[in-house]
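Fold and contact review
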Amino acid sequence: MSLNHVRPWRNIYRRKSRQIMVGNVPVGGDAPIAVQTMTNTLTTDAAATIAQVQAAAEAGADLVRVSVPDQASAKALKEIVRESPVPIVADIHFHYKRGIEAAEAGAACLRINPGNIGDEKRVAEVIKAARDHNCSIRIGVNAGSLEKHLLEKYGEPCPDAMVESGLDHIKILQDHDFHEFKISVKASDVFMSAAAYQALAEATDAPIHLGITEAGGLVSGTIKSAIGLGQLLWMGIGDTIRVSLSADPVEEVKVGYEILKSLGLRHRGVNIISCPSCARQGFDVIKTVETLEKRLEHIKTPMSLSIIGCVVNGPGEALMTDVGFTGGGAGSGMVYLAGKASHKMSNEQMVDHIVEEVEKKAAELNATKDAAE
């Protein structure tokens, strides 16, 4: 739950859900909303896949999903799991035996698609493997691969068909006394996804994994995901998220965190507040922000930084950030610390100086946190 009693209009009341464990990551209940991505390397290339998993984890991914399309991939998964710093979710389609093999290889969660995994007998074997190897399951409904009988019933992919598919599969798991599961109902259509997730949230207390599937490239996919996931998260729906982009998985993690940060649901790293710049700017705002984003990637401590080109909004924004810089005249600007004007700094030295101030503030915040624990 994200509550702010001083500013109640910022409150988000999260839907109450059961909590499950995906490896050592709690999902649902009052656990932080987990950020997930998926590798796009050949799983059989274990070295490349491990490198991508590690990069995603360094960027902040709590979970990483790996596709297991064939037996060779299942064999490689064992090494990938062993070298991964975060729990691995095995993506299973079509052949139920891959799910069994992935559980045996140490996957923390199996993602199975009701539309193509097979009949209940095959699902039961996957459930047994998951139970035997302390593995959770994600029921992953996708509008593009719904069961034939549901397409015949509804005439086309729609929210009702997606929710019915998910609930049917929940029943199978529950009938086999398996309750360590989460569920998703993804579509590439934002309206369909949002409607399906809202109906699903009312129909089950299972943890919900959010995503707009096949969202698109970095820019268009980010916008579509922010609209779709943002409105659901604002309503309190969602326990894990994955931003699906035709881009580097690290970008998915970054976008996922930015969505959560904008809603006050997760905080990691430096939140940069910056102006779009105009003729009033006292320095090159756009270039400066681009540089600072790269220079500050190593900071994991939640904190805020304002970079504003002029004094119209600069001082006001700086009042609410840990570190700030506002452009002035004669080639220099004002540095703000903890919301107060501190000292002037030349534009030429400004970037290096801001990095130093942010690192210093991060160290202070970490020390305060350590002392309180």
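What comes next is a walk through the structure. Since the model is a prediction, treat every value here as computed from it, not as a measurement.

Of regular secondary structure, the protein possesses twelve helices and 15 strands. The C-alpha radius of gyration computed for the protein amounts to 23 Å, which stays within 12% of the reference 21 Å derived for 373 residues, consistent with globular compactness. Of all 373 residues assigned to the protein, the portion counted as buried reaches 53%. Sequence-distant contacts, at least 24 apart, represent 62% of the contacts inside the protein between residues at least 6 apart. For the protein, the computed accessible surface area is about 17100 Å², with 53% contributed by carbon and sulfur atoms.

A few words on unusual backbone geometry. For Phe-94, which is not glycine, the phi torsion reads 70° and is therefore positive. Residue position: Phe-94 is located in the loop between strand 5 (88-92) and helix 3 (96-104). Located in the positive-phi region is Glu-214, a residue other than glycine, with phi close to 45°. In this structure, Glu-214 sits in the loop between strand 9 (209-210) and helix 8 (218-234).

To continue, consider the sheet that holds strand 8 (residues 181-186). Spatially, the eight strands line up as an open sheet ordered 8-7-6-5-4-3-10-9, and their pairing is parallel. Strand pairing shows two members of the sheet lacking a second neighbour, strand 8 and strand 9, which therefore form its edges. Pairing of strand 5 with strand 6 (residues 109-112), which is carried by four bridges, proceeds in the parallel orientation. If you follow Ala-90 over to strand 6, its bridge partner there is Leu-110. Sheet strands in contact with helix 7 (residues 190-203) are strand 8 and strand 9, and its direction is about 150° off that of strand 8. Helix 9 (residues 249-262) contacts strand 3 (34-38) and strand 10 (240-242) of the sheet and is inclined by roughly 155° relative to strand 3.

This part is about the environment of Gln-281. Position of Gln-281 among the secondary structure elements: in the loop between strand 11 (270-274) and helix 10 (285-295). The class of Gln-281 is partly exposed, set by a relative accessible area of 30%.

What follows covers the nonpolar core. Formed by 79 residues in total, the largest nonpolar core has its most connected members in Leu-77, Leu-110, Ile-137, Met-162, Leu-210 and Leu-233. If we ignore the near neighbours within four places in the chain, the residues touching Leu-210 are Lys-186, Tyr-197, Leu-229, Leu-232, Leu-233, Ile-237, Gly-238, Thr-240, Ile-241 and Arg-242.

So, about the packing of helix 7 against helix 8. Across the interface, helix 7 lies against helix 8 with an axial gap of 10 Å and an inter-helix angle of 20°. As summarised for this structure, helix 7 and helix 8 are arranged roughly parallel, according to the angle between their axes. In this structure, helix 7 crosses over helix 8, and the sense of that crossing is right-handed. When helix 7 is examined against helix 8, the residues Val-190, Ala-194, Tyr-197 and Gln-198 are found in contact with a partner set consisting of Lys-224, Ile-227, Gly-228, Gln-231 and Leu-232. Class assignment for the residues of the contact of helix 7 with helix 8 results in five nonpolar, three polar and one charged.

We now examine the environment of Glu-180. As for its position among the elements, Glu-180 is in the loop between helix 6 (159-175) and strand 8. For the pair Glu-180 and Ile-307, spaced 127 residues apart in sequence, the C-alpha separation works out to 45 Å. Excluding anything up to four places from it in sequence, Glu-180 contacts Ile-20, Met-21, Ser-136 and Ile-137. A polar contact of 3.3 Å, which involves the side chain of Glu-180, links it to the backbone nitrogen of Met-21.

Here we take up the sheet that holds strand 14 (residues 332-337). With mixed pairing, five strands are arranged side by side in an open sheet as 11-12-13-14-15. Strand pairing shows two members of the sheet lacking a second neighbour, strand 11 and strand 15 (340-346), which therefore form its edges. On average, adjacent strands in this sheet sit at an angle of 20° to one another, irrespective of strand direction. As paired elements, strand 12 (residues 303-308) and strand 13 (residues 323-327) share four bridges and run parallel to each other. Paired with Ile-308 across the strands is Thr-326, a residue of strand 13. The sheet contacts of helix 10 involve strand 11 and strand 12, and relative to strand 12 the element is tilted by about 155°. Packing against the sheet, helix 12 (residues 347-372) makes contact with strand 11, strand 12, strand 13, strand 14 and strand 15, and its axis sits at approximately 140° to strand 15.

A separate point is the pattern of salt bridges. Between side chains of opposite charge, pairing is possible as soon as their charged atoms come close. For the structure on display, the rule yields 19 salt bridges. Residue Arg-65 pairs with Asp-91 through a salt bridge whose shortest N-O separation is 2.7 Å. Taken together, the residues Arg-65 in strand 4 (residues 63-67) and Asp-91 in strand 5 connect sequence positions 26 residues apart. Grouping residues by exposure puts Arg-65 and Asp-91 together as buried. Salt-bridge contacts for Glu-364 lead to Lys-361; the nearest nitrogen and oxygen are separated by 3.9 Å. Placement of the pair is Glu-364 and Lys-361 together in helix 12, with a separation of three residues, close to one helical turn. One network of salt bridges, in which partners are shared, links Arg-14, Arg-15 and Asp-239.

About the criteria used
- Residues numbered from 1 in each chain as written.
- Predicted model: local features only at pLDDT ≥ 70, side-chain atom pairs only at ≥ 80, totals over all residues.
- Heavy atoms only, no water.
- Helix = DSSP H or I, 4+ residues; strand = E, 2+ residues; numbered from the N terminus.
- Rg over C-alpha atoms; globule rule 2.2 N^0.38 Å.
- Buried < 20%, exposed > 50% of the residue type's maximum accessible area, 1.4 Å probe, protein only.
- Contact = heavy atoms within 4.5 Å.
- Areas by Shrake-Rupley, 256 points an atom, 1.4 Å probe, with all protein chains shown as cover.
- Pairing = 2+ DSSP bridges.
- Axes fitted to C-alpha atoms, helices over the stretch in contact; angles between N-to-C directions.
- Core = buried A, V, L, I, M, F, W, Y, C linked by side-chain atoms within 4.5 Å.
- Parallel < 35°, antiparallel > 145°, perpendicular 65-115°, else oblique.
- Left-handed = near helix turned anticlockwise from the far one by under 90°.
- Nonpolar A, V, L, I, M, F, W, Y, C, P; charged D, E, K, R; others polar.
- Polar contact = N/O pair within 3.5 Å; in protein donor to acceptor, adjacent residues only side chain to side chain.
- Salt bridge = Lys/Arg side-chain N within 4 Å of Asp/Glu carboxyl O.

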